[in-house]
Amino acid sequence: MKKIYSTTIINTGGREGEVFSPDKSFSYQVTSPGPHQENKTNPEQLFAAAYSSCFNSALELVMAKQKITSKSTVKATVSLFSDEQSGFQVGVVLSVKIDDVDRETAEELVKAAHEVCPYSKATRGNISVELEVE
């Protein structure tokens, strides 16, 4: 494979620390999920942001190939689950809305995007990912 991009993020302090890029262009204080803490995020929120962005880009690519110019919105809901055997797991629900496209077409586009999206490929068979069309 030909590498087209690479990035590095560093964590100190685990879930009660920070994540940042070496040049500090990306920097967040992190905490465990729970009550909102001002100016802090958690790994599940960061994963939801990354997956929704990546999936929507894959969806836009699929739509462009079919000459569909509708606006799309992807909402990623990432849940953290307690698993008695292995500790913890995450699961994702991707809710997708495509303006001015009928439901059947939207479902086909979402399914195609799920095959293209690098995050979908990385999670396939590893975690639960549900696709919903609004």
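Per chain, residues are indexed from 1 in the order of the written sequence. Local features in a predicted model are, by the rule used here, given only for residues with pLDDT of at least 70; side-chain atom pairs are given and counted only at 80 or more, and totals for whole chains, interfaces and linings are based on all residues. Side-chain measures here rest on the full set of heavy atoms in the structure, leaving out hydrogens and waters.

Per an unreviewed UniProt entry, the chain goes by Osmotically inducible protein C and derives from Enterococcus ureasiticus. Under the heading Sequence similarities (unreviewed entry), UniProt records this for the chain: "Belongs to the OsmC/Ohr family." UniProt positions are given in the numbering used here, feature names are shortened, and annotations may be inferred rather than shown by experiment.

**Details of the overall build of the chain**
In terms of helices and strands, the chain carries 3 helices and 7 strands. Strands here are runs of E lasting at least two residues and helices are runs of H or I lasting at least four, both read from the DSSP assignment and numbered beginning at the N terminus. Counted from the first residue to the last, the chain has its helices and strands arranged as β-β-β-β-α-β-β-α-α-β. When the backbone C-alpha atoms are referred to their principal axes, the chain occupies close to 45 × 40 × 35 Å. The criterion used for residue contact is that any of the two residues' heavy atoms lie within 4.5 Å. Taking as baseline every contact in the chain between residues at least 6 positions apart, the subset at least 24 positions apart corresponds to 45%. Carbon and sulfur atoms make up 52% of the accessible area of the chain, which totals about 9,100 Å². The positive count covers Lys and Arg only, the negative count covers Asp and Glu only, and His and the chain ends enter neither. In this description, the location of a charge corresponds to atom NZ of lysine, CZ of arginine, CG of aspartate or CD of glutamate. Of the side-chain charges in the chain, 14 are positive and 18 negative, and the distance between the mean point of each set is 8 Å. Areas reported as accessible are Shrake-Rupley estimates using a 1.4 Å probe. Residue values count occlusion only from the protein chains shown.

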